[in-house]
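Examining the three-dimensional arrangement
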Amino acid sequence: GVWTGLAIAVVAVLIAAVVIPLVAYAAYRVYLQNVAPVENGNVAYGNSNAGPSNRNGSNGDSKPSVEYLVSLARDLRDREDYEQAEERAREAFSTDPSSAAAAAALADILLDQSKNSEGGRIAEHAVELDRRSPAAHRVVATYALSERQFGKAVESAKKALELGPG
């Protein structure tokens, strides 16, 4: 009767007051992580550690971190915005020329655009920077395959697999 109706009303209010805002907040966080960095081809910098106004991992300075730029470059490539992806990867690599991850990302994006000469050179450099980087070996395998260097492609792919994900 009355108590059942009241209990249903209380549960409905709790759902409206607690669950719906939590779902909305979770959706907002997903938006910030996946959509906000790239809107209409423009890069929005900020630091994911400190909320939406400072999302680039830079600990408050104006320059984004290499990891953020590499992640952003890969996201742009996945969205087939190769020009912006290449710019962010070049920015990552120029920020830290000793980063195998940045070199591998740049090489990968260049190879996606059939810029094989530069992509292959940078891919080889990525392996020189870190021989334990699966991403560097994977991109060398991609380059070797594009150049029909099948033995080298197999060797590099095997090395990437041995080293694990990355």
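What counts and what doesn't
- Residues numbered from 1 in each chain as written.
- Predicted model: local features only at pLDDT ≥ 70, side-chain atom pairs only at ≥ 80, totals over all residues.
- Heavy atoms only, no water.
- Salt bridge = Lys/Arg side-chain N within 4 Å of Asp/Glu carboxyl O.
- Helix = DSSP H or I, 4+ residues; strand = E, 2+ residues; numbered from the N terminus.
- Buried < 20%, exposed > 50% of the residue type's maximum accessible area, 1.4 Å probe, protein only.
- Core = buried A, V, L, I, M, F, W, Y, C linked by side-chain atoms within 4.5 Å.
- Contact = heavy atoms within 4.5 Å.
- Expected span 1.5 Å × (residues − 1).
- pLDDT = per-residue confidence, 0-100.
- Axes fitted to C-alpha atoms, helices over the stretch in contact; angles between N-to-C directions.
- Parallel < 35°, antiparallel > 145°, perpendicular 65-115°, else oblique.
- Left-handed = near helix turned anticlockwise from the far one by under 90°.
- Nonpolar A, V, L, I, M, F, W, Y, C, P; charged D, E, K, R; others polar.
- Polar contact = N/O pair within 3.5 Å; in protein donor to acceptor, adjacent residues only side chain to side chain.
- Patch = residues over 30% accessible without salt bridge, like charges linked within 9 Å, V, L, I, M, F, W, Y side chains within 5 Å.
- Areas by Shrake-Rupley, 256 points an atom, 1.4 Å probe, with all protein chains shown as cover.

As a further point, take the pattern of salt bridges. Enumeration according to the criterion identifies 11 salt bridges in this entry. Between Arg88 and Glu91 there is a salt bridge whose closest N-O contact spans 3.0 Å. Of this pair, Arg88 and Glu91 both sit in helix α3 (residues 82–95), three residues apart, which is roughly one turn of that helix. A salt bridge links Lys152 to Glu124; the nearest nitrogen and oxygen atoms lie 2.3 Å apart. In this pair, Lys152 sits in helix α7 (residues 150–163) while Glu124 sits in helix α5 (residues 116–129), placing the two residues 28 residues apart along the sequence. Of the residues examined, Lys152 reaches a relative accessible area of 31% and is grouped as partly exposed. Taken together, the shared-partner salt bridges in this structure form one network comprising Arg77, Asp78, Asp108, Asp112 and Arg138.

With 29 residues, the main nonpolar core has Val70, Ala92, Ala102, Leu106, Ile122 and Val139 as its most contacted residues. Per element, the largest residue contribution to this core is nine residues, and it comes from helix α4 (residues 100–112). Leu106 has contacts with Glu86, Ala89, Arg90, Phe93 and Ile122, leaving out every residue within four places of it along the chain.

Let us now look at helix α2 (residues 66–78). For α2, with 13 residues, the first-to-last C-alpha span of 18 Å sits near the 18 Å given by 1.5 Å per residue. Listed as buried for α2 are Val66, Tyr68, Leu69, Val70, Leu72, Ala73, Leu76 and Arg77. Phi turns positive one or two residues past the end of α2, at Glu80, with a value near 65 degrees.

Moving on to helix α6 (residues 134–146). Between the first and last C-alpha of α6 there are 18 Å, a value that for 13 residues agrees with the 18 Å anticipated at 1.5 Å per step. Those residues of α6 that fall on the buried side of the exposure criterion are Pro134, Ala135, Ala136, His137, Val139, Val140, Ala141, Tyr143 and Ala144. Tucked inside the fold, the buried residues of α6 contact α4, α5 and α7. Looking at the residues trailing α6, positive phi occurs at Arg148, about 60 degrees.

A separate point is the confidence of the model for the protein chain. Taken over all residues, the pLDDT of the protein chain has a mean of 80, while the share at 70 or more is 70%. Per-residue pLDDT, averaged within each element of the protein chain, yields its smallest value for strand β2 (residues 42–43) (46) and its largest for α4 (96).

In contact at an axis separation of 8 Å, α6 and α7 are set at 160 degrees when each is read in the N-to-C sense. Comparing their axes, α7 and α6 come out roughly antiparallel. Note that α6 runs across α7; the crossing there is left-handed. Mapping the contact onto sequence places Pro134, His137, Arg138, Val140, Ala141, Ala144 and Leu145 in α6 and Phe150, Lys152, Ala153, Ser156, Ala157, Lys159, Ala160 and Leu163 in α7. Counted by class, the contact of α6 with α7 contains 10 nonpolar, two polar and three charged residues.

Structurally, Arg77 is set in helix α2. For Arg77, the contacting residues outside a window of four places in its chain are Tyr82, Ala85, Asp108, Ile109 and Asp112. Among the polar contacts made by the side chain of Arg77, one reaches the side chain of Asp78 at a distance of 3.4 Å.

Take a nonpolar patch on the surface next. On the surface, a nonpolar cluster with roughly 360 Å² of combined accessible area is contributed by Trp3, Leu6 and Val10. Tracing the backbone through its elements, the reader meets Trp3 in helix α1 (residues 2–34).

Packing of α4 against α6 leaves a shortest axis separation of 9 Å and a crossing angle of 20 degrees. By the angle between their axes, α4 is roughly parallel relative to α6. At the point where α4 passes α6, the crossing takes the left-handed sense. Residue-level inspection shows Ala104, Ala107, Asp108 and Leu111 of α4 in contact with α6, the latter providing Ala135, Ala136, Arg138, Val139, Thr142 and Tyr143. Partitioned by chemical class, the residues of the contact of α4 with α6 number seven nonpolar, one polar and two charged.

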